[in-house]
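# What the coordinates show
Chain by chain, the residues run as shown.
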Amino acid sequence: MPRLSQEKSDARRAEIIDACEALYQSESYHDITMSQVASGVTFGRANIYNYFQCKDEILLALLQREHDKWTARLDELADDAENLDDERVAEGLAQSLAERKQMLKLLAMNLYDMEQNSRLEKLVEFKRSYARAVEALQRVITRAKPSWGEERRMRFLCSFLPFLQGIYSYAFHSEKQLDAMREAGVTPYDLDIRTATRDLVLKLLQED
């Protein structure tokens, strides 16, 4: 059998990720199976294992792709950041996250399983994409706040990055969670990702 071209191989890899992403939008993480993924691609199931050994690796690749898209948006924001006031920087970061709901869901709900069940080389690929996103975020802050030193920039990052792994859980609730909160007398948080991100970033940018 002739060897696939790099272009064809990349297209197959993307098709696998797309099929798994579609399932993730309607199925729970733990209910997704490789058989379901295979039913969503145009080639045989055996070929999927040339790229990924389990669904966790596919979803980790989806998270990697989400980070790459976020990095591209951050790079655009960094290009203009030195000309923006705090409110516009905060709005830019808020909009960049509002566009990445899938990324925030994976970070909040399934990061541990993906990282534990994926091969080391797949995890390294993801960590490199994550590092590029953090570097892009640092560029935004460095250009928006040129007077800040390294310690002040790190203080921003250490407040903002953990926020990414929690905001989804406060912004979205399943019906079961809502039922439980009603019975327990707990009022659900009425949070919007864009608004919550903008408010946090603005606060961090304006702290002494």
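Refer to the structure presented above.
Only a predicted model underlies this, so the values are computations on that prediction, with no experimental measurement involved.

Conventions we followed
- Residues numbered from 1 in each chain as written.
- Predicted model: local features only at pLDDT ≥ 70, side-chain atom pairs only at ≥ 80, totals over all residues.
- Heavy atoms only, no water.
- Core = buried A, V, L, I, M, F, W, Y, C linked by side-chain atoms within 4.5 Å.
- Buried < 20%, exposed > 50% of the residue type's maximum accessible area, 1.4 Å probe, protein only.
- Helix = DSSP H or I, 4+ residues; strand = E, 2+ residues; numbered from the N terminus.
- Contact = heavy atoms within 4.5 Å.
- Axes fitted to C-alpha atoms, helices over the stretch in contact; angles between N-to-C directions.
- Parallel < 35°, antiparallel > 145°, perpendicular 65-115°, else oblique.
- Left-handed = near helix turned anticlockwise from the far one by under 90°.
- Nonpolar A, V, L, I, M, F, W, Y, C, P; charged D, E, K, R; others polar.
- Polar contact = N/O pair within 3.5 Å; in protein donor to acceptor, adjacent residues only side chain to side chain.

### Topic: the nonpolar core
- Grouped together as the largest cluster of nonpolar side chains are 62 residues, with contacts concentrated most on Phe156 and Phe160.
- When residues of this core are assigned to their parent elements, the largest contribution, 10 residues, is made by helix H4 (residues 55-80).
- Not counting chain neighbours up to four residues away, the residues in contact with phenylalanine 156 comprise Leu93, Ile141, Trp148, Val201, Leu204 and Leu205.

### Here we look at the packing of H4 against helix H5 (residues 86-98)
- H5 packs onto H4 with a crossing angle of 165° between their chain directions and a minimal axis gap of 10 Å. Relative to H5, the element H4 is oriented roughly antiparallel. As for the relative orientation of H4 and H5, their crossing is right-handed in sense. Between H4 and H5, the contacting residues are Trp70, Arg73, Leu74 and Leu77 on the first element and Val89, Gly92, Leu93, Gln95, Ser96 and Leu97 on the second.
- Partitioning the contact of H4 with H5 into residue classes produces six nonpolar, three polar and one charged.

### Notes on the side chain of serine 118
- Note that serine 118 resides in the loop between helix H7 (111-117) and helix H8 (120-144).
- Residue classification places serine 118 among the buried residues on the basis of a relative accessible area of 11%.
- At a separation of 2.6 Å, a polar atom in the side chain of serine 118 contacts the main-chain carbonyl oxygen of methionine 114.
- Sequence-distant contacts of serine 118, that is, excluding residues within four places in its chain, are made with Asp56, Glu57 and Leu60.

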